[in-house]
Amino acid sequence: NNMGPLLLLSLLSLWGTAVRAEDGASTDGKSPAFCGERECPKFQLIQQYDSFELRAYEGSQWVTTELDDGFLGFGMVTSFRRLFNYISGKNSQEKKIEMTVPVLIQYPLKDTGRNATMSFFLSPSLVNPPKPLDPAVYLENTSPLSVYVMSFGGYALDYDYKKKAKALAEKLRNLGLSFDDSVRTTAGYNDPFTLINRHNEVWYKAK
């Protein structure tokens, strides 16, 4: 599969800009270690299982765009660039917004009429987020939700996320736990320059 190295190189330039823009950022001491120095959505750990956990997330705000299916996976880079342009000041207020984590991707697994999307988390401190100028980018608010989460390390490509999502779904079914199997969510927390202690997640919404 030639997609991995090519996609990684393409994301390097974008994430590299994000890293430089955020030098000196610090945490408030309340975020999980895997969020690093970037702000991430707040949650409570409800239950820890052998290889996954149940989390309850607060309601949150996100900036979202459709995930493109570009050649060799480069549509993902296009989608990332749209969102990155928004937080870089290409918005109604020309406001620069700090990069957060995770980068969330939602893949419909059934005929739900929805397209796959990519989202950046927006800090609650951003009370009135500026409106996107790009018509392909939009703001959305999510209600509080509970999700089953399986975490894993290393550099993760779509194949790895699919493999972990399948394993999580099998474990949930074996334990008789009810979940929404119509959407698979992936969460990435690291820029490509992070070589160790990388953190990736797959989510299924709990019913």
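As annotated in an unreviewed UniProt entry, the protein carries the name Heme-binding protein 1 and is attributed to Xenopus tropicalis. Note on the protein: under the UniProt heading Subcellular location (unreviewed entry), the record states "Cytoplasm".

Asks: What should I look at first to understand the environment of Asp134 in this one?
Replies: Assignment of secondary structure puts Asp134 in the loop between strand S5 (117-122) and strand S6 (137-142). Counting along the chain gives 52 residues from Asp134 to Arg82, while the straight-line C-alpha distance between them is 7.7 Å. Of the polar contacts made by the side chain of Asp134, one reaches the backbone nitrogen of Ala136; its length is 2.8 Å.

Asks: Would you mind showing me how to read the pairing of strand S4 (residues 103-108) here?
Replies: Moving residue by residue along a regular strand, the side chains alternate between the two faces of the sheet. Strand direction decides the pairing type here: S4 and S5, joined by 4 bridges, are antiparallel. Considered in S5, the bridge of Leu104 is made with Ser119. Where S4 meets strand S8 (residues 183-188), 6 bridges bridge the pair, whose relative direction is antiparallel. By the bridge assignment for S8, Pro108 is matched with Val183.

Asks: I'm lost on a nonpolar patch on the surface in this one. Help?
Replies: Nonpolar side chains collect at one region of the surface, where Tyr155, Leu195 and Ile196 lie side by side and expose about 350 Å² of accessible area between them. In this fold, Tyr155 is placed in the loop between strand S7 (145-152) and helix H3 (158-174).

Asks: I'm lost on the nonpolar core in this one. Help?
Replies: Nonpolar side chains tend to gather and get buried jointly when the protein is soluble and globular. In terms of nonpolar packing, the biggest core is built from 19 residues, with Val63, Leu67, Phe80, Ile87, Met99, Met118 and Phe120 touching the most fellow members. Mapped by element, the contributors of at least two residues to this core are helix H2 (75-87), S4 and S5. Counting residues per element, this core draws most heavily on H2, at 6 residues. Look past the residues within four positions of Phe120 in its chain and what remains in contact with it is Gln61, Trp62, Val63, Phe80, Leu83, Phe84, Ile87, Met99, Thr100, Pro102 and Val103. Residues Phe152, Tyr161, Leu172 and Phe179 belong to the second largest nonpolar core, which totals 15 residues.

Asks: What should I look at first to understand the packing of aromatic side chains in this one?
Replies: For any pair of aromatic rings, geometry is given as the distance between the ring centres together with the angle between the planes. As enumerated under the stated definition, the model contains 11 aromatic pairs in all. Between Phe43 and Tyr57 the ring centres are 5.1 Å apart and the planes differ by 45°, which places this aromatic pair in the tilted class. Of this pair, Phe43 sits in strand S1 (residues 43-48) while Tyr57 sits in strand S2 (residues 53-57), placing them 14 residues apart in sequence. Judged by relative accessible area, which is 22%, Phe43 ranks as partly exposed. Judged by its relative accessible area of 6%, Tyr57 is buried. Taking 5.4 Å as the distance between ring centres and 65° as the angle between the ring planes, the aromatic pair formed by Trp62 and Phe121 counts as edge-to-face. With Trp62 in strand S3 (residues 60-66) and Phe121 in strand S5, this residue pair connects regions lying 59 residues apart in the sequence. Each member of the pair, Trp62 as well as Phe121, carries the same accessibility label: buried.

Conventions used here
Numbers given for residues are sequential positions, taken from 1 along each chain in its written order. pLDDT decides what is reported in this predicted model: residues at 70 or higher carry local features, side-chain atom pairs at 80 or more are listed and counted, and totals for whole chains, interfaces and linings draw on all residues regardless. As a rule here, side-chain values come from all non-hydrogen atoms in the structure, and water together with hydrogens is ignored. UniProt positions are given in the numbering used here, feature names are shortened, and annotations may be inferred rather than shown by experiment. The way it works is that DSSP assigns letters per residue, a run of H or I at least four long becomes a helix, a run of E at least two long becomes a strand, and they are numbered from the N terminus. Here a polar contact is recorded for every N or O atom pair within 3.5 Å, except that within protein the pair must consist of a potential hydrogen donor and a potential acceptor, and residues adjacent in sequence are included only if both atoms are side-chain atoms. Paired strands are those between which DSSP finds at least two bridges. Exposure above 30% relative accessible area and the lack of any salt bridge qualify a residue for a patch; like charges then connect within 9 Å, and the nonpolar side chains Val, Leu, Ile, Met, Phe, Trp and Tyr within 5 Å. For every accessible area listed, the method is Shrake-Rupley and the probe measures 1.4 Å; residues are considered covered only by the protein chains on display. Salt bridges, as used here, are contacts in which a Lys or Arg side-chain nitrogen is within 4 Å of a carboxyl oxygen on Asp or Glu. To form a nonpolar core, buried Ala, Val, Leu, Ile, Met, Phe, Trp, Tyr and Cys residues must be joined to one another through side-chain atoms within 4.5 Å. Only protein chains enter the accessibility calculation, which uses a 1.4 Å probe. A residue is then buried if its area is under 20% of the maximum for its type, exposed if over 50%, and partly exposed in between. Contacts were defined at the residue level, with two residues in contact if any of their heavy atoms lie within 4.5 Å. Between the rings of Phe, Tyr and Trp (Trp by its six-membered ring), a pair exists once the centres lie within 6.5 Å; its type follows the angle of the planes, with under 30 degrees stacked, over 60 edge-to-face, and the other angles tilted.

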